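Letter by letter, the chains look like this.
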Amino acid sequence: MPFQGEKPIFLQLAEQLEAGILSGAYPEGSQVPSITEYAATYKINPATALKGINLLVNAGLLYKKRGIGMFVAEGAQAALRKQRSEDFYHNYVEKLVREAKNLGLTLDQLTELIQRGYYDGN
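Residues numbered from 1 in each chain as written. Predicted model: local features only at pLDDT ≥ 70, side-chain atom pairs only at ≥ 80, totals over all residues. Heavy atoms only, no water.

Caption draft 1: Local environment of the packing of helix α1 (residues 9–23) against helix α4 (residues 76–102). Where α1 meets α4, the closest approach of the two axes is 9 Å, and the angle between their N-to-C directions is 115°. Our classification of the angle between α1 and α4 gives roughly perpendicular. The crossing of α1 and α4 is left-handed. Contacts from E15, E18, A19, I21, L22 and S23 of α1 reach α4 at A76, Q77, L80, R81 and R84. (Axes fitted to C-alpha atoms, helices over the stretch in contact; angles between N-to-C directions. Helix = DSSP H or I, 4+ residues; strand = E, 2+ residues; numbered from the N terminus. Parallel < 35°, antiparallel > 145°, perpendicular 65-115°, else oblique. Left-handed = near helix turned anticlockwise from the far one by under 90°. Contact = heavy atoms within 4.5 Å.)

In structure tokens, the structure reads:
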């Protein structure tokens, strides 16, 4: 996991874990790497790794089994999909619809454009 850009490392770590949960790499009920493993593998401060993990614990996506480690919570994948869907709506769809209205596109025209992008896109 190469850390890049302006975004803090703890956020990048949390996003990578979320991506692993969404993809099924970390199924619900499975154990995720420990803070120590993250710190050693990616040569980051353990406090940074802990901060990233705690974001997911606070969101209810991970839970701790004392003395054993961190595990993916039941329903974590569905919760992430719901949150990401809402984020997608607010970050992209609202702007798309606003621009379509500014251009005078009808709903049918917008739908055609979206279908074209969906089927022609990579």
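Back to the write-up after that little detour.
Caption draft 2: Fine view of the pattern of salt bridges. As enumerated under the stated definition, the model contains two salt bridges in all. For K7, the salt bridge is made with E15, and the minimal N-O distance between the two is 2.9 Å. Look at K7 and you get partly exposed, because its relative accessible area is 38%. The exposure class of E15 is partly exposed, given its relative accessible area of 34%. (Salt bridge = Lys/Arg side-chain N within 4 Å of Asp/Glu carboxyl O. Buried < 20%, exposed > 50% of the residue type's maximum accessible area, 1.4 Å probe, protein only.)

Caption draft 3: Fine view of the confidence of the model for the protein. Summarising the model, the protein shows a mean pLDDT of 94, and 97% of its residues fall at 70 or more. Across the protein, the element-wise mean pLDDT spans from 92 in helix α2 (residues 35–42) up to 97 in α4. (pLDDT = per-residue confidence, 0-100.)

Caption draft 4: Just the packing of aromatic side chains, in detail. Summed over all chains, the structure comprises four aromatic pairs. Taking 6.1 Å as the distance between ring centres and 20° as the angle between the ring planes, the aromatic pair formed by Y38 and Y42 counts as stacked. Placement of both Y38 and Y42 in helix α2 is noted, with a separation of four residues, approximately one turn of the helix. Taking the relative accessible area as the measure of exposure, Y42 reaches 27% and is therefore partly exposed. Judged by centre distance (5.3 Å) and plane angle (85°), the ring pair of Y118 and Y119 falls under edge-to-face. With respect to class, Y118 is no different from Y119; both count as exposed. The residue whose ring lies beneath K51 is F10, and the NZ or CZ to ring-centre distance is 4.3 Å. (Phe/Tyr/Trp six-rings, centres within 6.5 Å; stacked < 30°, edge-to-face > 60°. Lys NZ or Arg CZ within 6 Å of the ring centre and 35° of its normal.)

Caption draft 5: How the structure looks around α1. Spanning 15 residues, α1 covers 21 Å between terminal C-alpha atoms, matching the ideal 21 Å at 1.5 Å per step. By the burial criterion, the buried members of α1 are F10, Q12, L13, A14, L17, E18, G20, I21 and L22. Two residues or fewer past α1, G24 is found with a positive phi of approximately 95°. (Expected span 1.5 Å × (residues − 1).)

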